Amino acid sequence: MIYREIGKTGERASVIGLGCEQLDGKPYSQVEETIRTALEYGVNHLDVFMPGREVRENIAKALGSQREKVHIQGHIGSTDVGQQYDISRDMPTVKKYFEDCLRIFGYIDYGMMFFIDSEEDYRQVFDGGIADYAQKLKQAGDIRHIGFSSHDPVIAAKIVETGLPEIMLFSINLAFDMSPADKSVLKALEGEWHAEEAKGIDPKRAALYRLCEQKGVGISVMKALGSGKLISAEHTPFSEPMTVNQCIHYALDRPAVCSVLLGCQTGDEVKDAMMYLEASDEEKDYTRFLDAMESDFRGNCVYCGHCAPCPAGIDIAAVNKYLDIALLDTGKVPPSIRSHYDCLSAHGGDCIECGSCEKRCPFDVSVIEKMKEAAEIFGK
């Protein structure tokens, strides 16, 4: 397993995590097999947004003595009314369901303020007591970190700017990222969006990911497969379906992403997901899905890694990523970004200007100039 830092939390997450929704309604034996297999592969990041008591208790039972080895995202405001998932901003109801979650798991690693997708959601959460409740839970040690979930890049950025969250659960995949920010991504794959309409990665979504990296907010990813539609020949908006490996790799290439949560419901599905860890660069390559819009990506690094290997040992994609984030605030590099840059084994100033990277770049990025710019901004 590969692990990544979760923003500024000091914790590390498995790059492949488990979204546990698909375990709801399944017999305990199936839940236990799925959880056990995930643990055997080193999965340590689980999302349990489901409000039902049975599925939560089955997951807790399956974890058993290994509870301390995993991070659990539990959601503040996810409720169960008439055995239906629901969103509540009513504080007594919110507390009832979250306190039951605490009873089952003992504590929650990431208390996620649930489903903030509109200005009204934002107002209800931050003015209606939920944000205050999350802070009290953290002060009491009932949750270790505060997070939130969203599907809207504009609202999500507004929440990140408050300085409160340390992790964000966000829907990331190539189709969603090409969908305009003012359209609901939940409808993006319902026949309302086609690849030929795309104009590149939506700038508001790209800016959100860079903002999270800048602010030290980790991103755990939901809907990386577009609810399975991106890997379906019948439903994909592209000329051909993507593979699971391509979907995972695209999400992991975005700034601040620490873990991609996949909805496995059996041990075999977990094993299939883990094939990503052994996949070749060719099997993970998603850039051909950008070819039809290459003019929109021309000159812009998408952190795909085609520039590698560098004879000077520079991780060019990482340097470009940190450079883009540093440029958000001209003349002021966030300490965390400077630290990440400093920890690289080679830096922009180490570029020997051989040009091999530029020959391999599918989007004609002026890599040599980018390396010079990084050396100037970071001092090496």
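The structure under discussion appears in the preceding block.
Residue positions are given per chain, counting from 1 as you read along its sequence in written order. Note on the predicted model: pLDDT of at least 70 is required for a residue's local features to be given, and 80 or more for side-chain atom pairs to be given and counted; whole-chain, interface and lining totals, by contrast, use all residues. Side-chain numbers here rest on the full set of heavy atoms in the structure, without hydrogens or water.

With that settled, consider the overall build of the protein. Every helix listed is a DSSP run of H or I at least four residues long, and every strand listed is a run of E at least two residues long, numbered separately from the N terminus. Broken down by element type, the protein carries 16 helices and 12 strands. Two things to know: the radius of gyration comes from C-alpha atoms, and the globule rule equals 2.2 Å times the number of residues to the power 0.38. On C-alpha atoms alone, the protein measures out to a radius of gyration of 21 Å, which is about the 21 Å that the 2.2 N^0.38 rule sets for 380 residues. Residue burial in the protein is summarised as follows: out of 380 residues, 55% are buried. Contact definition: two residues touch when any of their heavy atoms are within 4.5 Å. Considering only residue pairs separated by 6 or more positions, the protein has 74% of its internal contacts joining residues 24 or more positions apart. Each accessible area is a Shrake-Rupley result for a 1.4 Å probe, and residues are judged covered by the shown protein chains and nothing else. For the protein, the exposed surface amounts to about 16,300 Å²; the carbon and sulfur share of it is 47%. If you average the places of the 41 positive and of the 60 negative side-chain charges in the protein, the two averages end up 4 Å apart. Think of it in three bands: residues with accessible area under 20% of the maximum for their type are buried, residues over 50% are exposed, and the middle band is partly exposed, with areas taken using a 1.4 Å probe on protein chains only. Neither His nor the chain termini are counted; the positive set is Lys and Arg, and the negative set is Asp and Glu. Every charge is mapped to an atom, namely NZ of Lys, CZ of Arg, CG of Asp or CD of Glu.

Here we come to the side chain of Arg67. In this fold, Arg67 is placed in the loop between α2 (53–63) and β5 (71–76). By relative accessible area, which is 10% here, Arg67 ends up buried. Polar contacts here mean pairs of N or O atoms no more than 3.5 Å apart (in protein, one a potential hydrogen donor and the other a potential acceptor; neighbouring residues in sequence count only if both atoms are side-chain atoms). A polar contact is formed between the side chain of Arg67 and the backbone oxygen of Val70, at a distance of 3.2 Å. Residues in contact with Arg67, not counting those within four places in the same chain, are Ile72, Phe105, Tyr107, Ile108 and Asp109.

This part is about the pairing of strand β3 (residues 16–19). Residue alternation in β3 divides its side chains into two sets, Ile16 and Leu18 and Gly17 and Gly19, and both sets are buried. Strand pairing is assigned whenever DSSP detects at least two bridges linking the two strands. Where β3 meets strand β12 (residues 257–262), three bridges bridge the pair, whose relative direction is parallel. Looking at β12, one finds that Gly17 is bridged to Leu261. Sheet topology note: the β3/strand β4 (residues 45–48) ladder contains two bridges and is parallel. Directly across from Leu18, in β4, lies its bridge partner Leu46.

Disulfides are defined in this document as cysteine sulfur pairs within 2.5 Å. Across all of its chains, the model carries zero disulfides by this definition. Looking at Cys101, it has no disulfide partner, and the nearest cysteine sulfur is the one in Cys20, 11 Å off. Cys307 forms no disulfide, and the closest cysteine sulfur to it belongs to Cys301, at a distance of 6.4 Å. What makes Cys307 buried here is its relative accessible area of 11%.

Attention now goes to the sheet that holds strand β9 (residues 143–150). The parallel closed barrel is built from eight strands, whose spatial order is β3-β4-β5-β8-β9-β10-β11-β12. Geometrically, the sheet is characterised by an average inter-axis angle of 30° between neighbouring strands, direction not taken into account. Only the stretch in contact is used when fitting a helix axis, every axis being a line fitted to C-alpha atoms; angles between N-to-C directions are given from 0 to 180 degrees. The strands touched by helix α5 (residues 130–140) within the sheet are β5, β8 (108–113) and β9, with β9 carrying the most contacts at an inclination of about 155°. Docked against the sheet, helix α8 (residues 203–215) engages β10 (167–171) and β11 (218–222), running at close to 160° with respect to β10.

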